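# Chain and residue survey
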Amino acid sequence: MALAESEYGQGGEWIVRHLPPPLTGTLPERLFGLSDDSRTVGPGSLFLLRVEGEFERKYLDEAIRKGAALLVVSRKHLPGVLERRGEVGSHLPVCVVENIQEATGVIASAWWGNPSAELSVVGVTGTNGKTTSSFLVRSILESAGRRTGLIGTVWFDLGGGLSEAPQTTPGALTLQRAFRQSLDNGLAGVSMEVSSHALAQDRVAGTTFSAVHFTNLTRDHLDYHKSFEEYFQAKSRLINWINPDGTMPPAVINTDDPYGERLTKEVGRKGGRRVLTYGHAKDRSIYPDKIKISLDGIEGSLVVPGGRIRIESHLPGDFNLQNIMGAVGCALATGISPRAIEEGIRSLSGVPGRFERVNPGGKFAVIVDYAHTDDALKNVITALRPLTPGRVITVFGCGGDRDRGKRPRMGRVAGDLSDLVVVTSDNPRTENPDDIIDEIEPGIRESGREYYREVDRRTAIAQALSLAAPGDAVLIAGKGHEPYQIIGREKSHFDDRETAREILSSLDQKK
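Here's what I pulled together on the structure shown here. (Residues numbered from 1 in each chain as written. Predicted model: local features only at pLDDT ≥ 70, side-chain atom pairs only at ≥ 80, totals over all residues. Heavy atoms only, no water.)

## Quick word on the packing of aromatic side chains
Worth spelling out the cut-off: Stacked, edge-to-face and tilted are the three classes for Phe, Tyr and Trp ring pairs, Trp counted by its six-membered ring, which pair at centre distances within 6.5 Å; planes under 30 degrees apart are stacked, over 60 edge-to-face, the rest tilted. Only DSSP runs of H or I with at least four residues qualify as helices, and only runs of E with at least two residues qualify as strands; both kinds are numbered from the N terminus onward. For every residue, the accessible area (1.4 Å probe, protein chains only) is compared with the maximum for its type, and the residue is labelled buried under 20%, exposed over 50%, or partly exposed between those bounds. Here, over-ring charges are defined by two tests on the NZ atom of lysine or the CZ atom of arginine: distance to the ring centre within 6 Å, and angle to the ring normal within 35 degrees.
For the structure shown, the criterion picks out eight aromatic pairs. With a centroid separation of 6.1 Å and 50° between ring planes, the pair formed by tyrosine 8 and tryptophan 112 is classed as tilted. Placement of the pair is tyrosine 8 in the loop between β1 (2-4) and α1 (12-18) and tryptophan 112 in the loop between α4 (100-111) and β6 (120-125), with a sequence separation of 104 residues. Given the relative accessible area of 24%, tyrosine 8 is considered partly exposed. Three or more aromatic residues joined by ring pairs make a cluster, and in this case those are Phe228, Tyr231, Phe232 and Tyr259. The ring of tyrosine 484 has lysine 479 lying over it, and the distance from NZ or CZ to the ring centre is 5.1 Å. Directly above the aromatic system of tyrosine 484 lies the positively charged group of lysine 491, at a separation of 4.2 Å from the ring centroid.

## Some thoughts on the pattern of salt bridges
Note the threshold: A pair is scored as a salt bridge if a Lys or Arg side-chain nitrogen falls within 4 Å of a carboxyl oxygen belonging to Asp or Glu.
This structure, assessed with the given rule, holds 34 salt bridges. For the salt bridge of arginine 453 with glutamate 441, the shortest nitrogen-to-oxygen distance reads 2.7 Å. Within this pair, whereas arginine 453 is found in strand β21 (residues 451-453), its partner glutamate 441 is found in helix α14 (residues 433-447), the two being separated by twelve residues in sequence. You can call glutamate 441 buried: its relative accessible area is 10%. Salt bridges sharing partners connect three or more residues here, namely Asp434, Asp438, Glu441, Arg445 and Arg453.

## Some points on the side chain of threonine 277
For clarity, the cut-off: Polar contacts here mean pairs of N or O atoms no more than 3.5 Å apart (in protein, one a potential hydrogen donor and the other a potential acceptor; neighbouring residues in sequence count only if both atoms are side-chain atoms). Whether two residues are in contact is decided by their heavy atoms: any pair within 4.5 Å suffices.
On the secondary structure map, threonine 277 appears in strand β13 (residues 275-278). One polar contact links the side chain of threonine 277 to the main-chain amide nitrogen of serine 285, over a distance of 3.0 Å. Leave out the neighbours within four places in its chain, and threonine 277 touches Ile253, Thr255, Thr264, Arg284, Ser285 and Ile286.

## As for the pairing of strand β22 (residues 473-477)
Along a regular strand, successive side chains alternate from one face of the sheet to the other. The criterion, for reference: Any two strands with at least two DSSP-identified bridges between them are counted as paired.
Most of β22 sits inside the fold, with five of its five residues counted as buried. Sheet analysis places strand β18 (residues 365-369) next to β22, joined by five bridges and oriented parallel. Looking at β22, one finds that aspartate 369 is bridged to alanine 477.

That's the geometry; what it means functionally is another story.
Structural data, given as structure tokens:
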């Protein structure tokens, strides 16, 4: 994307201060934009040639043709750049960096005046719980009088209204501009999800974090990461974060999770960083005491360093208790008072698509949740089971063009923990929906559980709801807050919550 000239990074002094000396050419006195996408380059722009694979001359050609005034390239792509530059833009200065992805974040941060250093930025990573944790942190910071934005899977809020989230953690240029917009809109903090993709791609480079949080690690995204260990290493980069000024943000870690335990030991060996652990054991920094969990939420208290914090939350389930403990740790790490923490937890009524009750007060419960991994599905059904006097009926599918290995695992979890399963489509994308279900079914069959197969998601939801009796719970898992379904390359409107309400209304009218 391109960033227009700003008061923060427009002159030659900024260029000299924040970029390595040019290998060739003379630095321009002024820049009028910053871009890492050749399609958006304008006259006088600094162009960052972000190429992960082999050098492709077409991107450089387009940037030069559109008026780029300065190139920043990685050393590995320098030979190709110099060869092509000689043909079409011999006057163009070239700055060389070792890691173009990291440099993009650092340069973008400098361009916008290092905005994250003026904010309380809390970053959370992990397979499950990122969204709820970030909503909780935001609610707590706002209760403490710190107007706080949100960057994550559900939406972006930079102080000027809600906008659709294009991805969980945006690219480096978008992210640093988002921090600047947050400041300009009067925000004091930003609570954000940090995905493993973002960490592996250095999208958060140049960011100053006030606290970092690890929730858990289970199988996911192995279509992108080459191994589970590589996935872990990507996540661990946030917990080992060093800010641009050399400081180390406090780390909040779930040590009920074995990878959280491993991280805690590794961070401890390095030293110099404040670490707050949380979990159910009493040797954690934060642990629960006298907790009551129902479909209406959680009540009780947490033991924290120096005292206790009273918990009254609308979020049900033990997994949400863990999210609350993590958010409390982040709040304590950023200097929030116990009273503000209690109020922030109490004031959060819910999180879109996360254990969201569709029909409060209905004869049977209908819950929509984003759970799309075997561990997340296990957590949600396990939380729902003791709160349900009747049967648990689970509707779920698996996304296409994503990690295929988790499909039978999710089938086994659904079969083992539910009373009845309806397996259907999620976002099949370019895969045949029937083929995806074929890979889920072996796991369900291993459990010996009764199940139905229905490719059409709306019909599957209707089938589950029609089978539910008073006291049952219907869990519709996988898509959560998403208001769309992707079939082939087409994205069409589809919202599990909206669909369930329409079907329930129809069922009521027929009775």
